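# Fold and geometry: a report
Spelled out, the chains give:
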Amino acid sequence: DPYIDDPVRHPALKVNSQRPFNAEPPPELLTENYITPNPIFFTRNHLPVPNLDPETYRLHVVGPPGGQSLCLSLDDLYKFPRHEITVTLQCAGNRRSEMTQFKEVRGLEWNIGAISTARWAGARLCDVLAKAGHQLCETEAHVCFEGLDSDPTGTAYGASIPLARAMDPEAEVLLAYEMNGQPLPRDHGFPVRVVVPGVVGARHVKWLGKVSVEPEESYSHWQRRDYKGFSPSVDWDTVDFDSAPSIQELPVQSAITEPKDGETVQSGEVTIKGYAWSGGGRAVVRVDVSLDGGLTWHVAELDGEEQRPRKAWAWRLWQLQAPVPAGRKELNIVCKAVDDSYNVQPDTVAPIWNLRGVLSNAWHRVHVHVAP
Ligand code: MTE
Ligand code: MO
């Protein structure tokens with residue numbers, strides 16, 4: 001059993017798959033804290049968790065022709081300027097179960113919890129690449145990452161991002177060795193992972209073993225044959241993975257974490273809570289909430305966390321206290337977020353449905369009963 005050595009996990013996690021381990025926190029725990037506690041941070045593993053020794057761990061950074069390749073220990077990484085940022089990480093498959101309800105898709109049945117937020121610390125990727133002699137001359141190049149987790153044939157997890165993002169100090173791409181003030185937990189990439197603010201979870205390669213600059217995107221399955229979006233008309237017989245770009249920045253997203261679907265709420269006043277986030281550093285500027293399925297709207301109160309322009313890497317938590325209209329027996333609660341490019345969420349799943357069930361960001365809907 002290649003999974004025998006996997007770490008012990010928190011019992012509150014909702015498990016979608018045991019081997020490999022995939023799990024999300026329940027909605028009400030997800031927005032209890034702005035920073036997700038490490039033990040309940042969602043986990044998305046494609047392979048068994050490697051057990052790496054921090055003493056012998058080395059990160060290989062391939063240098064350019066005429067430059068120097070680096071073989072970095074953890075202590076070597078600590079010598080680069082330490083950079084710390086709050087970043088929300090979301091899986092492309094978050095909220096996939098809502099797509100499944102519309103029409104079958106292939107993938108793990110994530111509810112709304114394949115998203116979490118942490119304070120990450122590490123070396124900036126641009127500093128490490130510069131030390132190896134890389135420059136931003138090849139504007140079309142890509143930085144490829146390889147994990148130290150692998151399948152029985154020895155194939156490692158891999159992904160890539162454009163070199164332009166990697167070399168941009170303002171993009172704040174990290175080689176992170178700390179998560180919320182602790183060494184990374186094993187499930188989240190101990191001892192080193194990539195953190196790419198504003199970009200889909202799949203590029204945040206865990207258990208990082210190798211970094212190289214290549215003329216093409218990573219040839220990994222997860223870069224080329226997965227994590228891409230398609231028209232609702234495309235099925236598994238007609239899909240051409242080469243025809244679509246790999247997902248990088250994610251679209252605007254929000255969801256309701258309280259109350260839960262099917263719950264009974266008191267008459268009088270109802271409190272609604274949730275999260276909202278957008279990719280690419282775009283800030284969430286507003287969350288609209290409806291109690292009547294989208295006929296009339298209230299504006300939710302956003303938390304006070306500071307959002308830097310074009311570097312809003314972390315989610316906003318929001319809440320709304322609203323009177324329950326007299327005589328109502330049920331409420332169709334809906335939320336939708338707006339980001340600072342005025343991108344909005346689509347109202348239904350149908351026009352964004354895709355065979356892999358990624359990029360699921362339709363208005364989130366929760367149906368509750370009102371206590372008599
Ligand atoms: N890195 C490696 N090496 N192996 C993986 O399976 N999964 C990716 C990414 N990095 C993965 C990986 C995916 S799809 C996601 S969504 C995030 O890690 C999840 O990170 P988390 O488990 O820390 O939440
Ligand atoms: Mo993912």
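Residues numbered from 1 in each chain as written. Chains lettered and ligands numbered in written order. Predicted model: local features only at pLDDT ≥ 70, side-chain atom pairs only at ≥ 80, totals over all residues. Heavy atoms only, no water.

### Here's the deal with the sheet that holds strand β22 (residues 364–370)
What the five strands build is an open sheet, ordered β15-β22-β21-β17-β18; its pairing is mixed. Bordering the open sheet on either side are β15 (264–265) and β18 (298–299), each of which pairs with just one other strand. Of the strand pairs in this sheet, strand β17 (residues 284–290) and β18 are connected by two bridges, and their pairing is antiparallel. For V289, the partnering residue across the bridge sits in β18 and is H298. (Pairing = 2+ DSSP bridges. Helix = DSSP H or I, 4+ residues; strand = E, 2+ residues; numbered from the N terminus.)

### Observations regarding the pattern of salt bridges
Under the counting rule described, the total for this entry stands at 22 salt bridges. Linking R9 and D187 is a salt bridge whose minimum nitrogen-to-oxygen distance equals 2.7 Å. Note that R9 is positioned in the segment before β1 (14–17) and D187 in the loop between β11 (182–183) and β12 (193–195), a separation of 178 residues in sequence. Between E28 and K260 there is a salt bridge whose closest N-O contact spans 3.1 Å. Residue E28 is found in helix α1 (residues 27–30), and its partner K260 is found in the loop between β14 (253–258) and β15; the two are separated by 232 residues along the sequence. Several salt bridges share partner residues, and in doing so they unite R82, E84, R119 and E178 into one network. (Salt bridge = Lys/Arg side-chain N within 4 Å of Asp/Glu carboxyl O.)

### Observations regarding the pairing of β1
Remark: a regular strand shows side chains that alternate across the two faces of the sheet. Pairing geometry for β1 and strand β2 (residues 22–24), over three bridges, is antiparallel. When the sheet's bridge partners are listed, K14 is paired in β2 with E24. Here β1 folds back onto β2, and the loop between the two strands holds four residues.

### Looking at the nonpolar core
In terms of nonpolar packing, the biggest core is built from 52 residues, with L77, L125 and L208 touching the most fellow members. In terms of domain composition, this core takes at least three residues from each of domain 1 (14–243) and domain 2 (253–370). In this view, L77 contacts L59, L72, A123, V128, L175, Y177 and V192; residues no more than four positions away in its chain are not counted. Membership of the second largest hydrophobic core comes to 22 residues, among which are V252, V265, V284 and L320. (Core = buried A, V, L, I, M, F, W, Y, C linked by side-chain atoms within 4.5 Å. Buried < 20%, exposed > 50% of the residue type's maximum accessible area, 1.4 Å probe, protein only. Domains from an automatic or database assignment. Contact = heavy atoms within 4.5 Å.)

### A look at the site of ligand 1
Around ligand 1, a shell composed of 20 residues is seen, among which F42, D149, H188, R193 and K206 lie nearest. Between ligand 1 and H204, the relevant distance is 3.0 Å, taken from a nitrogen atom to a main-chain nitrogen or oxygen of the residue. With the chains in place, 100% of the 530 Å² that ligand 1 exposes on its own is no longer accessible. Elements that contribute at least two residues to the shell around ligand 1 include exactly β3 (43–44) and β8 (142–150). (Near = heavy atom within 4 Å. Polar contact = N/O pair within 3.5 Å; in protein donor to acceptor, adjacent residues only side chain to side chain. Areas by Shrake-Rupley, 256 points an atom, 1.4 Å probe, with all protein chains shown as cover.)

### Some details on the pairing of strand β7 (residues 115–124)
With eight of its ten residues buried, β7 lies for the most part within the structure. Of the pairings in the sheet, the one linking strand β6 (residues 82–90) to β7 comprises nine bridges and is antiparallel in character. Among the inter-strand pairings, Q90 is bridged to a residue of β7, identified as I115. Inspection of the sheet shows β7 paired to strand β10 (residues 174–179) by five bridges, in the antiparallel sense. In the sheet register, A121 faces β10, and the bridge partner there is E178.

### Brief notes about the sheet that holds strand β16 (residues 269–277)
The four strands lie next to each other as β14-β16-β20-β19, forming an open sheet whose pairing is antiparallel. The strands lining the two open edges of the sheet, one partner per strand, are β14 and β19 (301–302).

### As for the packing of aromatic side chains
Taken as a whole and judged by the stated rule, the model has nine aromatic pairs. By way of ring pairs, the aromatic residues F41, F42, W110 and W120 are connected into one cluster. The ring of F21 carries the charged tip of R9 above its face, separated from the ring centre by 3.9 Å. A cation sits over an aromatic face here: R224 above Y219, 3.9 Å from the ring centre. (Phe/Tyr/Trp six-rings, centres within 6.5 Å; stacked < 30°, edge-to-face > 60°. Lys NZ or Arg CZ within 6 Å of the ring centre and 35° of its normal.)

### Digging into the environment of V211
Following the sequence through the fold, V211 ends up in strand β13 (residues 208–214). Residues V211 and V194, spaced 17 residues apart in sequence, show a C-alpha to C-alpha distance of 10.0 Å. Beyond its immediate sequence surroundings of up to four residues, V211 is in contact with L59, H60, V61, V62, L125, L129, V143, C144 and F145.

### Quick look at the domain arrangement of the protein
Splitting the protein by domain gives domain 1 (14–243) and domain 2 (253–370). Inter-centroid distance (C-alpha atoms) of domain 1 to domain 2 is 27 Å. With 44 residues of domain 1 in contact, the opposing surface of domain 2 contributes 39 residues. Between domain 1 and domain 2 the total buried area reaches about 3700 Å² when both faces are included, carbon and sulfur atoms providing 60% of it. Contact with domain 2 buries area across many residues of domain 1, yet Y34, R95 and M99 alone supply 22% of it, more than any other trio. (Buried area = accessible area lost by both parts, 1.4 Å probe.)

### Re the side chain of D149
Relative to the elements of secondary structure, D149 occurs in strand β8. Excluding residues within four positions of it along the chain, D149 makes contact with L47, P48, P50, T155, A156, Y157 and W207.

### A short note on unusual backbone geometry
Backbone phi values are negative for most residues with the exception of glycine, while trans is the configuration of most peptide bonds. That bond from F190 to P191 is cis: its omega, 5°, falls within 30 degrees of zero. Checked against the element boundaries, P191 lands in the loop between β11 and β12. The omega angle of the peptide bond from E258 to P259 is -5°, so this bond is cis rather than trans. Take P259: it is sitting in the loop between β14 and β15. Its identity is not glycine, yet Y227 carries a phi of approximately 55°, on the positive side. Tracing the chain through its elements places Y227 in the loop between α6 (221–224) and β14. A relative accessible area of 4% places Y227 in the buried class. Phi is positive for R310, close to 65°, though the residue is something other than glycine. Inspection of the secondary structure puts R310 in the loop between β19 and β20 (316–323). What makes R310 exposed here is its relative accessible area of 69%.

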